[in-house]
Amino acid sequence: MIILVTGANGQLGNEMRIVTKGSKDKYIFTDVCDVHPESLEMLHSLAGDDVDTTTTKLDITDLDAIRAMVKKNNVKVIVNCAAWTNVDGAEDPEKYELVELLNAKAPENLAIAMKEVDGLLVHISTDYVFGGDPYNTPCREDQKGTPTGVYGLTKLHGEQNIQATGVDHLIFRTAWLYSEFGKNFVKTMLNLTATKPQLKVVFDQVGTPTYARDLADVILVAIEDYKQEWNMKRETLNYSKSGIYHFSNEGVCSWFDFTKMIAEFAGNTDSNIQPCHSDEFPSPVKRPAFSVLDKSKVKESFGIIIPYWTESLKTNLLNIRK
Ligand SMILES: NC(=O)c1ccc[n+]([C@@H]2O[C@H](COP(=O)([O-])OP(=O)(O)OC[C@H]3O[C@@H](n4cnc5c(N)ncnc54)[C@H](OP(=O)(O)O)[C@@H]3O)[C@@H](O)[C@H]2O)c1
């Protein structure tokens, strides 16, 4: 099968390069930018010299360009790793149109292109579609979205737009994503806990971190499942597992707990890390106080075992230090 990955030079996209190495399927990695030199070094260090580091240019806001690429390469599955991911930056009123374009209209473009060839769109959404209601139990897929900011709102629009096209789709809502690539919370805290004698981190936002490699692994499992069903029918397919799924690592923590573990595993024990309230860090957006995702559906549907968050964090830190 020919599978196209968008946003291939971001955190998740680069993990897709690693987990698909040696696959029997043909993967085409696309983005609007080139692989960052640091990511290139990391890719070779983690996956060897023969990992695919090529990037075909594709802007997912351009429906004609998507259609042309799908047709030319006979693409059957798109994995959309591209998005506007700057949560604070999304609150700038001048950016609203751009954020909506990237997070809501562009996924619809991909859905239209896949619907036209009876293909599958794998899309990534976020726990930030929740948070407006004061939940204290893990959020399930059928729970009403109540975003507290523009990022979450536009990602929710993206989900709705995809579903409205009627395309076969897998939407994975994930949370607190980190990887060896790009900028993320783990890398920031690795640096801060190594250099700051004192550090305050919020303890009143609770969720679960997600190692992007684990998410990439699940995407592959899901694509294999799709291929099996497609191989049996070999025609227009209403994929039986089309829908929304929640995926993060197992467990629950606050950003404070997350930081304590990062420091402990990294041996940065000199930094005095203290819990604080969110209002001590003024932010343009109110983040969810509780956005733990219930992952029962993804585990039952795809028969997966999800690693506990501290185990995946250890793996990630070992990789960063390789
Ligand atoms: N990061 C998190 O904590 C988090 C949490 C929950 C869900 N998610 C979701 O998980 C997915 C992957 O996130 P990530 O952290 O891996 O993202 P990321 O690192 O920000 O990567 C996104 C990639 O998409 C590219 N891109 C931007 N505009 C594009 C366009 N018009 N066409 C094609 N590519 C474009 C970006 O290029 P530039 O860098 O040049 O802009 C970047 O390479 C996203 O859907 C995100 O919403 C992320």
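These notes cover the structure that comes with them. (Residues numbered from 1 in each chain as written. Predicted model: local features only at pLDDT ≥ 70, side-chain atom pairs only at ≥ 80, totals over all residues. Heavy atoms only, no water.)

## A closer look at the overall build of the protein chain
Alright, step 1. If you tally the helices and strands in the protein chain, you get 10 helices and 13 strands.
Alright, step 2. Here the C-alpha atoms of the protein chain give a radius of gyration of 19 Å, agreeing with the 20 Å that 2.2 N^0.38 yields for 322 residues.
Alright, step 3. Along the three orthogonal principal directions, the C-alpha set of the protein chain runs to about 60 × 45 × 40 Å.
Alright, step 4. The burial tally for the protein chain puts 53% of its 322 residues in the buried class.
Alright, step 5. Considering only intrachain contacts with a sequence separation of at least 6, the fraction spanning at least 24 residues in the protein chain is 82%.
Alright, step 6. When the accessible surface of the protein chain is summed, it comes to about 14500 Å², and 51% of that surface belongs to carbon and sulfur atoms.
Alright, step 7. Distance between charge centroids for the protein chain: 3 Å, based on 34 positive and 44 negative side chains. (Helix = DSSP H or I, 4+ residues; strand = E, 2+ residues; numbered from the N terminus. Rg over C-alpha atoms; globule rule 2.2 N^0.38 Å. Buried < 20%, exposed > 50% of the residue type's maximum accessible area, 1.4 Å probe, protein only. Contact = heavy atoms within 4.5 Å. Areas by Shrake-Rupley, 256 points an atom, 1.4 Å probe, with all protein chains shown as cover. Lys, Arg positive; Asp, Glu negative; His and termini not counted. Charge placed at Lys NZ, Arg CZ, Asp CG, Glu CD.)

## What to know about the site of the ligand
Alright, step 1. Around the ligand there are 26 residues in total, and D31, D59, T85, Y151 and K155 lie nearest to it.
Alright, step 2. Contact between the ligand and L12: an oxygen atom at 2.9 Å from a main-chain N or O atom of the residue.
Alright, step 3. Within the backbone of L177, one N or O atom sits 3.1 Å away from an oxygen atom of the ligand.
Alright, step 4. Sorting the residues of the shell around the ligand by element identifies α1 (11-19), β5 (120-126) and α5 (150-165) as the ones contributing at least two each.
Alright, step 5. Tallied by class, residues from the shell around the ligand come to 14 nonpolar, 9 polar and 3 charged. (Near = heavy atom within 4 Å. Polar contact = N/O pair within 3.5 Å; in protein donor to acceptor, adjacent residues only side chain to side chain. Nonpolar A, V, L, I, M, F, W, Y, C, P; charged D, E, K, R; others polar.)

## Some words on the nonpolar core
Alright, step 1. The biggest cluster of nonpolar side chains holds 59 residues, and the ones touching the most others in it are I66, I78, F258 and L313.
Alright, step 2. Within the residue set of this core, elements represented by two or more residues are α3 (63-73), α4 (96-116), α5, α6 (185-195), β8 (198-202), α8 (255-266), β13 (272-276) and α10 (309-320).
Alright, step 3. By residue number, the principal contributor to this core is α4, which donates 7 residues.
Alright, step 4. Leaving out residues up to four positions away in the same chain, L313 has contacts with Y178, V186, F258, M261, I262 and F265. (Core = buried A, V, L, I, M, F, W, Y, C linked by side-chain atoms within 4.5 Å.)

## Quick look at the packing of aromatic side chains
Alright, step 1. Across all of its chains, the model carries 14 aromatic pairs by this definition.
Alright, step 2. A centroid spacing of 6.0 Å and a plane angle of 35° characterise the contact between F172 and Y245, whose relative ring orientation is tilted. Of the two residues, F172 is situated in strand β6 (residues 168-174) and Y245 in strand β11 (residues 243-246); the sequence distance between them amounts to 73 residues. The exposure classification of F172 matches that of Y245, with both residues buried.
Alright, step 3. Judged by centre distance (5.8 Å) and plane angle (55°), the rings of Y178 and F258 are tilted. Here F258 lies in helix α8 and Y178 lies in strand β7 (residues 177-178), a separation of 80 residues in the sequence. (Phe/Tyr/Trp six-rings, centres within 6.5 Å; stacked < 30°, edge-to-face > 60°.)

## A closer look at the packing of α1 against helix α2 (residues 37-47)
Alright, step 1. For the pair α1 and α2, interaxial distance at closest approach is 10 Å and the crossing angle is 30°. With respect to each other, α1 and α2 are oriented roughly parallel. In the crossing of α1 with α2, the sense of the turn from one axis to the other is right-handed. Note on element contacts: α2 touches α1 through S39, L43, L46 and A47, opposite N14, R17 and I18.
Alright, step 2. Across the contact of α1 with α2, the residue classes tally to 4 nonpolar, 2 polar and 1 charged. (Axes fitted to C-alpha atoms, helices over the stretch in contact; angles between N-to-C directions. Parallel < 35°, antiparallel > 145°, perpendicular 65-115°, else oblique. Left-handed = near helix turned anticlockwise from the far one by under 90°.)

## With respect to the pattern of salt bridges
Alright, step 1. Counted under the stated rule, the structure contains 18 salt bridges.
Alright, step 2. Note that E159 and R173 form a salt bridge whose closest N and O atoms lie 2.8 Å from each other. Taken together, the positions of E159 in helix α5 and R173 in strand β6 put the pair 14 residues apart, joining distant regions of the chain. In this pair, the class of E159 matches that of R173, namely buried. (Salt bridge = Lys/Arg side-chain N within 4 Å of Asp/Glu carboxyl O.)

## Topic: the packing of α6 against α8
Alright, step 1. It is the contact of α6 with α8, at a shortest axis distance of 9 Å, that shows an interaxial angle of 60°. Seen from above, α6 lies across α8 with right-handed handedness. Taken together, the residues of α8 that come into contact with α6 (itself represented by F185, V186, M189, L190 and T193) are W255, F258, T259, I262, A263 and A266.
Alright, step 2. Residues belonging to the contact of α6 with α8 are distributed by class as follows: 9 nonpolar, 2 polar and no charged.

## What about the sheet that holds strand β2 (residues 26-31)?
Alright, step 1. Pairing is parallel across the open sheet formed by 7 strands, whose spatial order is β3-β2-β1-β4-β5-β6-β11. Each having just a single partner strand, β3 (56-57) and β11 make up the two edges of the open sheet.
Alright, step 2. Direction of pairing for β2 relative to β3: parallel, over a ladder of 2 bridges. By the bridge assignment, T30 is partnered in β3 with T56.
Alright, step 3. Along the sheet, α5 makes contact with β5, β6 and β11, crossing β5 at roughly 160°. (Pairing = 2+ DSSP bridges.)

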